[in-house]
Amino acid sequence: MASSGTFTFSLDIHEIIEEAYELTGLEVKSGYQLKSARRALDLMLTGWINEGINLWTINQLETTLTSGTASYVLSAKYVDLLDAVTRDSNNIDSTANRITLSEYLSYPDKTTSGKPTQYAIERNTDEGDRVYLYPVPDDTYTLVSWAMNYPEDTGNYTDNPDIPRRFLPPLVNGLAYNIALKNPTRMTPGEQGGQPTHVGGVSAGHRKELLDQYMYSLKLAKDEDRERASLHLVPSV
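Residues numbered from 1 in each chain as written. Predicted model: local features only at pLDDT ≥ 70, side-chain atom pairs only at ≥ 80, totals over all residues. Heavy atoms only, no water.

J.: Would you take a moment to explain the sheet that holds strand β1 (residues 58-65) for this structure?
T.: Where strands meet in a sheet, backbone hydrogen bonds hold them as pairs that are either parallel or antiparallel. A sheet is described by the order of its strands in space; here seven strands give the open sequence β1-β9-β3-β4-β6-β7-β2, paired in mixed fashion. Unpaired on one side and paired on the other, β1 and β2 (71-73) mark the two borders of the sheet. Averaged over all neighbouring strand pairs, the angle between strand axes comes to 30°, with direction disregarded. By the bridge criterion, eight bridges tie strand β3 (residues 78-87) to strand β9 (residues 141-149) in an arrangement that is antiparallel. Along β9, the bridge assignment pairs arginine 87 with threonine 142. (Pairing = 2+ DSSP bridges. Helix = DSSP H or I, 4+ residues; strand = E, 2+ residues; numbered from the N terminus. Axes fitted to C-alpha atoms, helices over the stretch in contact; angles between N-to-C directions.)

This is the structure:
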């Protein structure tokens, strides 16, 4: 039996919206519905950041440190730093430990210079997260870190989402659930005192089904998005 021999399946934003609408049983009938669905996609991708570390959002970031400069502003694309080392001109790395802003504030002399061994992060400033180093660099170094970034904006309808292929099912299912929330069935009064009836939209039962499917597919994707290395714990006796 012949097969395609390709591994490039993806969906663009318009196709994701179409698929989500089909799951709800509704149809896209206006440009505003497309705009609303794309906005819901951006909100959902942003919300995934709040659910914990997604390995696909982590990239290695190298920040050049200059002598005498104690703090550095990260690009607004980054959410947080997870781990970091300080690399000198001989490519020797030293662990840089993260401390709290309170700990950094408690240091009496923040002008002490040397190879930075600690860093504190002021998150969500207007410019982007600000990193404070201690000691202040006494030479040119590189702060090498694993940085977690936001997914890219959805952009044009012909663009692909900034996610791995394995996260397409929860993206579609999640959007379908959000569309359903925006389009519940409406109650209309019955004629001549008759029983009110449901018209249009997505019923409460179907919304529950969409939510269950979304949570199930998201769990599968997040369970797959994990480290494969073994972890060995040895008690200190």
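J.: I'm lost on the packing of aromatic side chains in this one. Help?
T.: How two aromatic rings sit relative to each other is set out by the distance from centre to centre and by the angle between their planes. Going through the model one piece at a time under the given rule, you end up with four aromatic pairs. Relative to phenylalanine 167, the ring of tryptophan 56 lies with its centre 5.4 Å away and its plane at 55°, an arrangement referred to as tilted. Here phenylalanine 167 lies in the loop between β9 and α4 (168-182) and tryptophan 56 lies in the loop between α2 (31-49) and β1, a separation of 111 residues in the sequence. Judged by relative accessible area, tryptophan 56 falls into the buried class, the value being 18%. A residue is classified by how much of its surface remains accessible, and phenylalanine 167, at 0% relative accessible area, is buried. (Phe/Tyr/Trp six-rings, centres within 6.5 Å; stacked < 30°, edge-to-face > 60°. Buried < 20%, exposed > 50% of the residue type's maximum accessible area, 1.4 Å probe, protein only.)

J.: What exactly am I supposed to notice about the environment of tyrosine 214 here?
T.: Mapping tyrosine 214 onto the fold places it in helix α5 (residues 204-224). Separated by 42 residues in the primary sequence, tyrosine 214 and valine 172 have C-alpha atoms spaced 8.2 Å apart. In this structure tyrosine 214 touches Met44, Trp48, Pro170, Asn173 and Gly174, once residues within four positions along its chain are discounted. A distance of 2.9 Å separates the side chain of tyrosine 214 from the side chain of tryptophan 48, its partner in a polar contact. (Contact = heavy atoms within 4.5 Å. Polar contact = N/O pair within 3.5 Å; in protein donor to acceptor, adjacent residues only side chain to side chain.)

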